[in-house]
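Chain by chain, the residues run as shown.
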Amino acid sequence: MTPQENAELLAALMRQEELLKQLVAAINKPKLGLHSEAGSCKIYCNRQHGGLWYKLNGEPSDIPQTALTGYLKELRFENTERRKKESCKLLITVQADRTYILESGYDTHFSKCILAAIATLTPEQLYSPITLQPTPGTTDENVLFCRVWVNSELIMASYNEQSDWREISKQAIAVIKAAAEMVF
């Protein structure tokens, strides 16, 4: 390439970077006017109240939608108290039309499906939206699995009783952190 072509390419890349920054800023702007979407929305991922997942607005409210698509921003574990007992929960933060925080028991099939799938991804794959699809177990009405999709591709990740969940969790969290630190 000639110096002139290099300069033109650099200028074009700088224009693209500026447009990308403007696009990200536009996406992150809050909605103006009246709406019902202030703050984040916490979704409880279990079949306890008749559906696959629900939110609490005083009373449990079943979520009729069968999937959530957005950008995976964080996985973290949190100790909390539920029904006067200490329990550990996996919190999954997804940025979509608003911030969604999905909560599931750390040792549930729902959590294991997500952790196993995310641990197999590359940071580059997390630059695309992912889709989380709660899926009921077929033999036990209390079991809830989760299918993870990236670019319309189902991410198949198996696990069993010998799976090292500490390592799988560390890998999944590391992939998300690496994606957040990447600059294109």
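Okay, so let's go over this structure. (Residues numbered from 1 in each chain as written. Predicted model: local features only at pLDDT ≥ 70, side-chain atom pairs only at ≥ 80, totals over all residues. Heavy atoms only, no water.)

### Thoughts on the overall build of the protein chain
Cut-off, in case you're wondering: A helix here means a DSSP run of H or I that spans at least four residues, while a strand means a run of E at least two residues long, and both kinds are numbered starting from the N terminus. Working definition: with a 1.4 Å probe on protein chains only, accessible area under 20% of the residue-type maximum means buried, over 50% means exposed, and in between means partly exposed. Contact between two residues is taken to exist if any of their heavy atoms lie within 4.5 Å; hydrogens are not considered. A 1.4 Å probe and the Shrake-Rupley method give the accessible areas. Residues count as covered only by the protein chains that appear here. Note that His is not counted, nor are the chain ends; the positive residues are Lys and Arg, and the negative ones are Asp and Glu. By convention, the charge on Lys lies at NZ, on Arg at CZ, on Asp at CG and on Glu at CD.
Helices and strands together make up the secondary structure of the protein chain, namely 3 helices and 9 strands. The secondary structure elements of the protein chain, listed N-terminal to C-terminal, are α-β-β-β-β-β-β-α-β-β-β-α. Counting only C-alpha atoms and orienting by the principal axes, one finds that the protein chain spans roughly 65 × 50 × 30 Å. A burial count over the protein chain gives 33% of its 184 residues as buried. When contacts within the protein chain are restricted to residue pairs at least 6 apart in sequence, those whose partners lie at least 24 apart make up 53%. Accessible surface for the protein chain amounts to roughly 12200 Å². Of this, 52% is attributable to carbon and sulfur atoms. With 20 positive and 22 negative side-chain charges, the protein chain shows a spacing of 6 Å between the two charge centroids.

### Observations concerning the environment of serine 169
By the element assignment, serine 169 lies in helix H3 (residues 165-181). Looking at serine 169, the relative accessible area reads 8%, which means it is buried. A sequence separation of 58 residues divides serine 169 from serine 111, and the C-alpha atoms of the two residues are 9.9 Å apart. Sequence-distant contacts of serine 169, that is, excluding residues within four places in its chain, are made with Phe77 and Leu115.

### Some points on H3
In an α-helix, one full turn covers 3.6 residues, which means residues spaced three or four apart are oriented alike. The criterion, for reference: A helix is expected to reach a length of 1.5 Å times the quantity of its residues less one. For this quantity, the arc is that covered by the directions from the helix axis to the C-beta atoms.
When the terminal C-alpha atoms of H3 are compared, their 24 Å separation across 17 residues agrees well with the 24 Å that a helix rising 1.5 Å per residue should span. Buried within H3 we find Trp165, Ile168, Ser169, Ala172, Val175, Ile176 and Ala179. For H3, the angular spread of the buried residues around the axis is 125 degrees, confining them to a single face. Away from its buried face by more than 90 degrees, H3 exposes Arg166, Lys177 and Glu181.

### With respect to unusual backbone geometry
The phi angle at asparagine 151 is positive, at roughly 50 degrees, despite the residue not being glycine. Mapped onto the secondary structure, asparagine 151 falls in the loop between strand S8 (144-150) and strand S9 (153-154). Residue asparagine 151 is classed as exposed on the basis of its relative accessible area, which comes to 56%. Positive phi is not limited to glycine here, since serine 152 has a value of about 65 degrees. Inspection of the secondary structure assignment puts serine 152 in the loop between S8 and S9. According to the relative accessible area criterion, serine 152 is exposed, its value standing at 71%.

### Let's talk about the nonpolar core
As a rule of thumb, nonpolar side chains are buried together in soluble globular proteins. The criterion, for reference: We define a nonpolar core as any set of buried Ala, Val, Leu, Ile, Met, Phe, Trp, Tyr and Cys residues linked to one another through side-chain atoms lying within 4.5 Å.
One finds Leu72, Leu75, Ile92, Leu102, Ile114, Ile118 and Leu132 to be the most contacted residues of the largest nonpolar core, which totals 36 residues. At the level of secondary structure, the elements contributing two or more residues to this core comprise strand S1 (41-44), strand S4 (68-82), strand S5 (85-95), strand S6 (99-105), helix H2 (109-119), strand S7 (130-136), S8 and H3. A per-element tally of this core places H2 first, with 8 residues. When neighbours within four sequence positions are excluded, leucine 75 is seen to be in contact with Leu90, Leu91, Ile92, Ile114, Leu115, Ile118, Ala172, Ile173 and Ile176.

### Observations regarding the pairing of S5
What counts is decided by this rule: Any two strands are treated as partners once DSSP identifies two or more bridges connecting them.
Bridge count for S4 against S5 is 11 bridges, and the pairing is antiparallel. The residue of S5 that forms the bridge with glutamate 81 is glutamate 86. Between S4 and S5, which pair antiparallel one after the other, the connecting turn spans 2 residues, and arginine 83 there sits at a positive phi close to 55 degrees. The hairpin turn running from S5 into S6, its antiparallel successor, is 3 residues long.

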